Structure formats: C-alpha cells, structure tokens
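Chain residues, written in single-letter form:
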Amino acid sequence: MNNLLDMLTIEKEINKNVLNNANRYEAIGKILRTTEEYYGCKRLYDFFVCEIAHHIHSVGINNSEAAIIYFDLLLRNGILSVTNKNDYHLFKYEKEFLPELLGARAISGASVCRHMSALTADVLNIEHYASWLNVRYIESPEELEKENPYLHAVVGLIGKNGKIIYDPTSSSFASEPQNKEYTLKTGSRIAETFISFTSLTEVGDLILLNPQQCLVNTEYEKELINVWYTPFEEVILNDFLNLVKQTTKLYRDTLNEIQYLKKNARDIIEEIVDLEQRLQPHGDTPILKWQLHQ
C-alpha cells in the first residue's frame, strides 16, 4: 500500500531542524524524487522534450541558430503549452525544489524566465549545446558599478562561430553584431566584461552575464562549462535577420505537422502539467494542501 506524504508537515519539520537554506532545498527535493508523482512527471517530461527536439530535426533544421529561432516560434505561439499560450506570470505562492523539472512549468502556459529558459535548454541539448545563464539588463556602461542582483534567466547557445544569447521572455537574441554602430557607442569597450548586445532583431539594452554562474541542474554541468567558455559569436546582422525570415517561413510551412504533433501529445502535456502542479504546487492563493504518494 502506498504511503501518503503530507509534504507541508515534512517541509515544516525540515525547516525547523535544518538551518542551512541550501540543505533544506536539497532535503525536500530528495524526498520529492521518491514519489510516484515525480517518477511519472519526469518520465513524461523527458519524452515530450525528446519529441520536440525530434520534430525540429525532422523539418530539416540542423544548425543551432535556426533551431533556437524555430523553438522560439513554438514557445511564443503557445504550441508547447496546454493553454495554447505562453504568458509570463509570477505566482504569489509556490513550492519549487526540482531544477530538472523547471521546464515542465512552462508547459502550463503560465511561467517566468527560469521555467522558459529551462525548457529551452532541455530541448536544445538533445542535439546542441545550450545552458541556462543568469544575467541582468543594463542601459549603459555606468551601471556596471551598481550592485544590482542577477535575477533574470536566459539561454546561452553555441552556434557555428561562438555563442549567442536567447531570452525566451522577450523572444529576443543577443550577441556581438559586426556593425558596432548598431549598438551603444561604448559597446566595444565593455564587450570584454561579458556584455553582449541585445537585440539582434531590434535595438535594446545590454546584457550583463553574472561572472559567478551557478549550476542550476546537475544534469547539464558539461553544457554550462562549454557555453560559458565559448566567446560571443560576431553576428552579421543582415545574415541573422535573413535566417529569422527563412526559419519563420519554415515554421509556417510545417504548421500542419506541428499541430499533428501537439494533438498526439495532448494527453501527455495535460498529465505533465497536472503532475508538476501536485509535485510543486503554485498559485495566487495560499497553499493549504500538498500530499504525494510514495
């Protein structure tokens, strides 16, 4: 007979007896990974991620830049979510202890940067090198001296000649454009401080990468190291915009295949969202019940 775990009580006891926050996080996550809900959610999520990666490959995409552009179209058009939307929503209350399932939240259609970035990295890592990166935006080099926190998650992706940055919450791409006049005039000076220019598709702010990146998901240690030490790709803006145009056409031409994929995966998507909500409850009202089966 299965054991029913009252996770609110367990969490309370762990918080009472374990002083270090990191150790608390690890202890709760360890218990969650023993549950039936975790096993089911992880298995289905991994399967869905592989299906999306396979679809991207099957439509003829074999380079990482086109893959990330195509993925962005899938994400922002709601193809990957149960609600057919991709809304940015920060819940007031949430329990979140499983970094390997952060991407599952994005499938619900209501998530934030860390969830969208995790799903992106999970899919792209099937055939390419991608990693969650922690960043903050700045408007000018003068802001380098400010001690603002790095609270935004993006994805670093290794391309043909270096890495580019993809921000799923704004559907924007960043790197080092060949045309420096397209960026801030002081851009060349601060490129050495892990600044890239955003966006490649429209003029924007600068991205500052946290020089102390942390490994969010231990499954991707190799990917983080490779992405981090790969220099920024010097992108020819017109070439990149042409690639966006070509990939967008490919997306439109393969809409029937995309819809067929989603129709077949509908039950799986709904089950992932249900299990993730039970594993890591979240909402805009207080969480009063958190029970799992072991």
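Owing to the predicted nature of the structure, the values given are computational and were not obtained by experimental measurement.

1. Points about the packing of aromatic side chains
The geometry of two aromatic rings is summed up by the distance between their centres and the angle between their planes. Inspection of the entire model under this criterion finds 5 aromatic pairs. Judged by centre distance (6.0 Å) and plane angle (75°), the rings of tyrosine 70 and tyrosine 251 are edge-to-face. Within this pair, whereas tyrosine 70 is found in helix H4 (residues 64–76), its partner tyrosine 251 is found in helix H9 (residues 237–253), the two being separated by 181 residues in sequence. Taken as a pair, tyrosine 70 and tyrosine 251 share a single burial class, namely buried. Among the aromatic residues, ring-to-ring pairing joins Tyr25, Phe97 and Trp290 into one connected group.

2. Comments concerning the packing of helix H3 (residues 36–58) against helix H10 (residues 255–279)
Between H3 and H10, whose axes approach to 9 Å, the crossing angle comes to 155°. Comparing their axes, H10 and H3 come out roughly antiparallel. For the pair H3 and H10, the sense of crossing is left-handed. Note on element contacts: H10 touches H3 through Glu257, Ile258, Leu261, Ala265, Ile268, Ile269, Glu271, Ile272, Leu275, Glu276, Arg278 and Leu279, opposite Glu37, Tyr38, Gly40, Cys41, Leu44, Tyr45, Phe47, Phe48, Glu51, Ile52 and His55. Residues of the contact of H3 with H10, tallied by class, amount to 15 nonpolar, 2 polar and 6 charged.

3. Focus on the side chain of glutamate 223
Position of glutamate 223 among the secondary structure elements: in helix H8 (residues 221–229). As a buried residue without a salt bridge, glutamate 223 has its nearest oppositely charged side chain in lysine 222, at a separation of 6.7 Å. Once you skip the residues sitting within four places of it in the chain, glutamate 223 turns out to touch Asn125, Tyr129, Ala130 and Ser131.

4. Remarks on H4
With 13 residues, H4 ought to run about 18 Å at 1.5 Å a step, and its terminal C-alpha atoms sit 18 Å apart, in line with that. Burial analysis of H4 places 12 of its 13 residues in the buried class, the great majority of the element. Turning to H4, its buried residues are Ser64, Glu65, Ala66, Ala67, Ile68, Ile69, Tyr70, Phe71, Asp72, Leu73, Leu74 and Leu75. Where H4 terminates, the next one or two residues include glycine 78, which has phi positive at roughly 75°.

5. Comments concerning the pattern of salt bridges
This model, assessed by the stated rule, comprises 13 salt bridges. Between glutamate 100 and arginine 33 there is a salt bridge, with its nearest N and O atoms 2.7 Å apart. Note that glutamate 100 is positioned in the loop between strand E3 (93–94) and helix H5 (102–106) and arginine 33 in the loop between helix H2 (21–32) and H3, a separation of 67 residues in sequence. For glutamate 100, a relative accessible area of 6% gives the class buried. Owing to a relative accessible area of 36%, arginine 33 belongs among the partly exposed residues under this scheme. Among the salt bridges present, the one from glutamate 276 reaches arginine 105, with a minimum N-O distance of 3.2 Å. Placement of the pair is glutamate 276 in helix H10 and arginine 105 in helix H5, with a sequence separation of 171 residues. Arginine 105 shares its class with glutamate 276; the two are buried. When salt bridges that share partners are traced, they join Glu94, Glu96, Arg105, Arg114 and Glu276 into one network.

6. Re the pairing of strand E7 (residues 163–167)
The element E7 is extensively covered by neighbouring structure, given that 5 of its 5 residues are classed as buried. The two faces of E7 match: Lys163, Ile165 and Asp167 on one face and Ile164 and Tyr166 on the other face are all buried. Taken together, the 4 bridges between strand E6 (residues 152–158) and E7 define a ladder with antiparallel strand orientation. When the sheet's bridge partners are listed, isoleucine 158 is paired in E7 with lysine 163.

7. Focus on unusual backbone geometry
The residue asparagine 84 is not glycine, and still its phi comes out positive at about 65°. With respect to the secondary-structure elements, asparagine 84 resides in the loop between H4 and strand E2 (87–88). Its relative accessible area of 46% is what places asparagine 84 among the partly exposed residues. The phi torsion at serine 171 lies on the positive side, around 55°, for a residue other than glycine. Along the polypeptide, serine 171 turns up in the loop between E7 and strand E8 (172–177). Residue class for serine 171 comes out partly exposed when judged on its relative accessible area of 22%.

What counts, and where the lines are drawn
Residues numbered from 1 in each chain as written. Predicted model: local features only at pLDDT ≥ 70, side-chain atom pairs only at ≥ 80, totals over all residues. Heavy atoms only, no water. Phe/Tyr/Trp six-rings, centres within 6.5 Å; stacked < 30°, edge-to-face > 60°. Helix = DSSP H or I, 4+ residues; strand = E, 2+ residues; numbered from the N terminus. Buried < 20%, exposed > 50% of the residue type's maximum accessible area, 1.4 Å probe, protein only. Axes fitted to C-alpha atoms, helices over the stretch in contact; angles between N-to-C directions. Parallel < 35°, antiparallel > 145°, perpendicular 65-115°, else oblique. Left-handed = near helix turned anticlockwise from the far one by under 90°. Contact = heavy atoms within 4.5 Å. Nonpolar A, V, L, I, M, F, W, Y, C, P; charged D, E, K, R; others polar. Lys, Arg positive; Asp, Glu negative; His and termini not counted. Salt bridge = Lys/Arg side-chain N within 4 Å of Asp/Glu carboxyl O. Expected span 1.5 Å × (residues − 1). Pairing = 2+ DSSP bridges.

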